[in-house]
Amino acid sequence: KAGVTQTPRYLIKTRGQQVTLSCSPISGHRSVSWYQQTPGQGLQFLFEYFSETQRNKGNFPGRFSGRQFSNSRSEMNVSTLELGDSALYLCASQGIITGELFFGEGSRLTVL
Amino acid sequence: QQPVQSPQAVILREGEDAVINCSSSKALYSVHWYRQKHGEAPVFLMILLKGGEQKGHEKISASFNEKKQQSSLYLTASQLSYSGTYFCGTEPQAGTALIFGKGTTLSVSS
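An account of the overall build of chain B is needed here, citing residue identities and associated values.
When its secondary structure is counted, chain B shows 0 helices and 11 strands. When the helices and strands of chain B are read in sequence order from the N terminus, they spell out β-β-β-β-β-β-β-β-β-β-β. In terms of overall dimensions, chain B is globule-like: its C-alpha atoms have a radius of gyration of 13 Å, near the 13 Å expected for 110 residues. Based on the C-alpha atoms only, the size of chain B along its principal axes is roughly 40 × 25 × 20 Å. Looking at chain B as a whole, 45% of its 110 residues are labelled buried. Across chain B, contacts joining residues at least 24 apart in sequence account for 54% of those joining residues at least 6 apart.

Requested: an account of the sheet that holds strand β3 (residues 19-24) of chain A, with residues and values cited.
Residue and element names in this part refer to chain A. Spatial ordering of the open sheet is given by β1-β3-β8-β7, a layout of 4 strands whose pairing is antiparallel. Two strands bound the open sheet, and with one partner strand each, they are β1 (5-7) and β7 (64-68). Sheet twist, expressed as the average angle between the axes of neighbouring strands with direction ignored, equals 15 degrees. As paired strands, β1 and β3 are joined by 3 bridges and run antiparallel to one another. Paired with Thr 7 across the two strands is Ser 22, which belongs to β3.

Give a detailed account of the environment of Gln17(A), specifying residues and quantitative values.
Residues and elements named next belong to chain A. In this fold, Gln 17 is placed in the loop between β2 (10-13) and β3. The sequence separation of Gln 17 and Thr 80 amounts to 63 residues, and the corresponding C-alpha distance is 5.2 Å. Within the structure, the side chain of Gln 17 is placed 2.9 Å from the backbone nitrogen of Thr 14, a separation counted as a polar contact.

Mind laying out the state of the cysteines, listing which residues take part and the relevant values?
Such a bond, covalent and formed between the sulfur atoms of two cysteines, is termed a disulfide. What the rule picks out here adds up to 2 disulfides over all chains. With a sulfur-sulfur separation of 1.7 Å, Cys23(A) is cross-linked through a disulfide to Cys91(A). Every disulfide takes its handedness from the sign of the S-S torsion; for Cys23(A) and Cys91(A) that torsion is -50 degrees, giving left-handed. Here the residue Cys23(A) occupies a position in strand β3, and Cys91(A) occupies one in strand β9 (residues 87-94), the gap between them amounting to 68 residues. Of the two residues, Cys23(A) and Cys91(A), neither departs from the other in class, the shared state being buried. Note on cysteine connectivity: Cys22(B) is disulfide-linked to Cys88(B), with sulfurs 2.1 Å apart. Across the disulfide from Cys22(B) to Cys88(B), rotation about the S-S bond amounts to roughly 70 degrees, and the bridge is consequently right-handed. Placement of the pair is Cys22(B) in strand β3 (residues 18-23) and Cys88(B) in strand β9 (residues 84-91), with a sequence separation of 66 residues. Accessibility assignment for this pair places Cys22(B) and Cys88(B) in one class, buried.

Go over the packing of aromatic side chains with me, naming the residues and quoting the values.
Residues and elements named next belong to chain A. One pass over the structure, following the stated rule, counts 10 aromatic pairs over all chains. Taking 5.7 Å as the distance between ring centres and 70 degrees as the angle between the ring planes, the aromatic pair formed by Phe 47 and Tyr 49 counts as edge-to-face. Accessibility expressed as a relative area gives 2% for Phe 47, which makes it buried. Accessibility expressed as a relative area gives 5% for Tyr 49, which makes it buried.

Go over the interface of chain A and chain B, please, and point to the residues and values.
Tallying the contact residues gives 18 residues for chain A and 17 residues for chain B. Three residues, Leu43(A), Glu100(A) and Phe103(A), lead the burial of chain A against chain B; their summed loss comes to 31% of the area buried on that side. Connecting chain A to chain B are 0 salt bridges. Counting the contacts that link chain A with chain B gives 4 residue pairs in polar contact (both at pLDDT 80 or more). Elements with a minimum of two residues in the side of chain A that touches chain B: β4 (31-38), β5 (42-50), β6 (53-57) and β10 (101-103) of chain A. By residue class, the composition of the side of chain A that touches chain B is 6 nonpolar, 8 polar and 4 charged.

Reading the values: the criteria
Sequence order sets the numbering: in each chain, residues are counted from 1 along the sequence as written. The lettering of chains begins at A and the numbering of ligands begins at 1, in the order of writing. Since the coordinates come from a predicted model, pLDDT governs what is reported: local features require at least 70, and pairs of side-chain atoms require 80 or more to be given and counted, while whole-chain, interface and lining totals use all residues. The basis for the side-chain values is all heavy atoms of the structure; hydrogens and waters are excluded. Numbered from the N terminus, helices here are DSSP runs of H or I no shorter than four residues, and strands are runs of E no shorter than two. Note that the radius of gyration is over C-alpha atoms, with the globule rule given as 2.2 Å times the number of residues to the power 0.38. Think of it in three bands: residues with accessible area under 20% of the maximum for their type are buried, residues over 50% are exposed, and the middle band is partly exposed, with areas taken using a 1.4 Å probe on protein chains only. Contact criterion: two residues are considered in contact whenever any of their non-hydrogen atoms come within 4.5 Å of each other. Note on pairing: DSSP must find at least two bridges between two strands before they are called paired. Simply put, an axis is a line fit to the C-alpha atoms, just over the touching stretch for a helix, and the angle between two N-to-C directions goes from 0 to 180 degrees. Each polar contact in these results corresponds to two N or O atoms within 3.5 Å; when the atoms are within protein, one needs to be able to donate a hydrogen and the other to accept it, and residues that are neighboring in sequence are counted only if both atoms are side-chain atoms. We call a pair of cysteine sulfur atoms a disulfide whenever their separation is within 2.5 Å. Aromatic contacts are taken between Phe, Tyr and Trp rings whose centres are within 6.5 Å, Trp giving its six-membered ring; a plane angle under 30 degrees counts as stacked, one over 60 as edge-to-face, and the others as tilted. A simple way to read buried area is as the amount of 1.4 Å-probe accessible surface that goes missing from two parts once joined, with both sides added. Salt bridges are counted wherever a side-chain nitrogen of Lys or Arg sits within 4 Å of a carboxyl oxygen of Asp or Glu. Residue type decides the class: Asp, Glu, Lys and Arg count as charged, Ala, Val, Leu, Ile, Met, Phe, Trp, Tyr, Cys and Pro as nonpolar, and the leftover types, Gly among them, as polar.

Have a look at this one:
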């Protein structure tokens, strides 16, 4: 059973640019959540999508957005990048029976 | 609201025990525990539901005190493989977002 796949794994951008990250959940999972991980701050919740609808949203500015497609694949976009956006962005799909989260390896974004 | 984990860091020798605590200011529906090793994705350990029982697999177990909105993770007879950062995630109501604490770093040496 394939796990959660995130692309790209690493990317470098400059301030003011925008970036799109992709996440393919485990087959059959319909819920996809995104988290930002930075040293000392743990995993901060960005948003969750379920069946193409945003079900939950964290406290991030509007520059952070996401969407989910009919095949459950999800993308998140960050516009007008700032230095503070440098982080590991983790995507997780949720198990149907147990509710556990299965995390991808993450996309490491560096903003220069 | 982000749950508070304590301690922030623990250093152990193989065979020693540790307890990691997770507290929330809100009533909780569930508490999840995950472990993340350096450079890897977080991995699910267990989930405790409101009204549920203490869970565990052999040497790693957890409890959930609904009245105090607290959960504790117990690691007994620690092994080198237990090293990593442990995160608790709390869910105030079913279907709401899972909010994680800042993590507890556990280092086990031989």
